Amino acid sequence: MNAPVVVVGMGPVGYRGHSRELVAHLDMSVLSEDTPYPYRVQCEQSKLTRIIRRHLERMPNVTLRFGAPVQRAEIGTGCARLFLPGDTFEPSITADWVLAADGANSAVRRTLGIAFEGVTYPERFLVASTTHDFTADMPGLAPVSYIYDPDDWGVLLRTPSHWRVLFPIVDGQSDEEALAPDNIQRRLQSVVRLPEPYPVVHSTIYSVHQRLAATFGLSRVLLLGDAAHINNPLGGMGMNSGIHDAHAAVEAVCYALTGGDPDRAVATYARVRRDAAALDVQQNTQKNYEEMRQTDAGRRSERFQEMVEIAADPDRARGYLRVASMLASFETSCRRMRRGLTRVIPCGP
């Protein structure tokens, strides 16, 4: 079950305070014993899906269909049926297995009656992308930098083509107001004041949720990614955990296709990946959210001191980054999948 872990530029992670001062600097090279890829690559979903598409198009046993969204799913005996636009009583597709990665509004999950339990945060996030290079303004700025500020916390992310800046939206502000060019300029100027307007290439708003599907597997259908779990984006764990879901789902299906008990495969996948989403992803993203917006000066100072001490100790830094990068979660998931899918050898007479 060894596979490269995608950790979604390059280099360390930084933590900064109210005045944008550097609090701690964690170098991901301490993970060199854990992975051949001890760095972060900020890869937007739009780029990742194009990479995946190129690989899929080269596979002779893969058919890509676009403009054919699933309208509903039904469970059959040892199969699943998918209904596409225009279908009435007969499905377009009857499949031995369905891996449903159709997003937070998953039609597969909804039409199978699987609850999507959790909460929606009152806060929304504004994300603005700019070609301005912040490294000239903040010496030592890490490609991934978290700003701990009770009044205006946020995240700076370096991608190959721009810097992405994430802010919480002010209470009572509508989406239209938040996306207004003057407001975006005001928010960017609060990061670093420039004599001229920031060049903005993209902006959007995220509604923030913490939700889990009641089950990640039903009969021959496995839920993956946002169809199974959604969380706030602090920490970059959403897409990464979806990739981990895909790895585990393939293990489960391969086990069943090579003679293993299909029900065991589904139950193992559903249990292992739901636990990972609940105990690793959601708990850590909630912790990140609470720490960044901490208003108590004493507790904020204690957290800063803790981060300084972690950064100064390679062993503690490694332990911290193994959790933050989801390496620890991935390894645990692999072990649990392996145990759950171990074939049971019947006793002889």
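Remember, predicted model here, so these are calculated numbers, not experimental data.

A.B. asks: Please explain the packing of helix α7 (residues 297-312) against helix α8 (residues 314-324) as it appears in this structure.
C.D. replies: Helix packing for two helices is described by the angle between their axes and how far apart those axes are. With their axes 5 Å apart at the nearest point, α7 and α8 run at an angle of 110 degrees to one another. It follows from the interaxial angle that α7 and α8 lie roughly perpendicular. Here Arg303, Glu306, Met307, Glu309, Ile310 and Ala312 of α7 lie close against α8, whose contacting residues are Pro314, Arg316, Ala317 and Tyr320. For the contact of α7 with α8, the residue count by class is six nonpolar, no polar and four charged.

A.B. asks: Mind showing me how you'd approach the sheet that holds strand β2 (residues 22-26) here?
C.D. replies: In any sheet, the strands associate via hydrogen bonds between backbone groups, in a parallel or an antiparallel arrangement. On the basis of which strands lie adjacent, the open sheet formed by eight strands has the order β2-β1-β8-β9-β10-β7-β11-β14 and mixed pairing. The open sheet has two free edges, formed respectively by β2 and β14 (229-230), since each of these has just one partner strand. Pairing of strand β1 (residues 13-16) with strand β8 (residues 144-147) involves four bridges; the strand directions are parallel. Across the sheet, Tyr15 pairs through a bridge with Tyr146, a residue of β8. Set on the sheet, helix α4 (residues 181-191) makes contact with β7 (116-130), β9 (154-158), β10 (163-168) and β11 (200-213); between it and β10 the angle comes to about 100 degrees.

A.B. asks: Hey, could you run me through the pairing of strand β3 (residues 72-76) in this one?
C.D. replies: Along any regular strand, the residues point their side chains to alternate faces of the sheet. Sheet analysis places β3 next to strand β4 (residues 79-83), joined by five bridges and oriented antiparallel. Paired with Arg72 across the two strands is Phe83, which belongs to β4. Remark: two residues form the turn of the hairpin made by β3 and β4, two consecutive strands paired antiparallel; Gly78 in that turn has positive phi of roughly 70 degrees.

A.B. asks: Help me understand the sheet that holds β3, please; the structure alone is not making it clear to me.
C.D. replies: The antiparallel open sheet is built from three strands, whose spatial order is β3-β4-β5. Unpaired on one side and paired on the other, β3 and β5 (93-95) mark the two borders of the sheet. Across the sheet, the mean angle from the axis of one strand to that of its neighbour is 20 degrees, orientation sign disregarded.

What counts and what doesn't
- Residues numbered from 1 in each chain as written.
- Predicted model: local features only at pLDDT ≥ 70, side-chain atom pairs only at ≥ 80, totals over all residues.
- Heavy atoms only, no water.
- Axes fitted to C-alpha atoms, helices over the stretch in contact; angles between N-to-C directions.
- Helix = DSSP H or I, 4+ residues; strand = E, 2+ residues; numbered from the N terminus.
- Parallel < 35°, antiparallel > 145°, perpendicular 65-115°, else oblique.
- Contact = heavy atoms within 4.5 Å.
- Nonpolar A, V, L, I, M, F, W, Y, C, P; charged D, E, K, R; others polar.
- Pairing = 2+ DSSP bridges.

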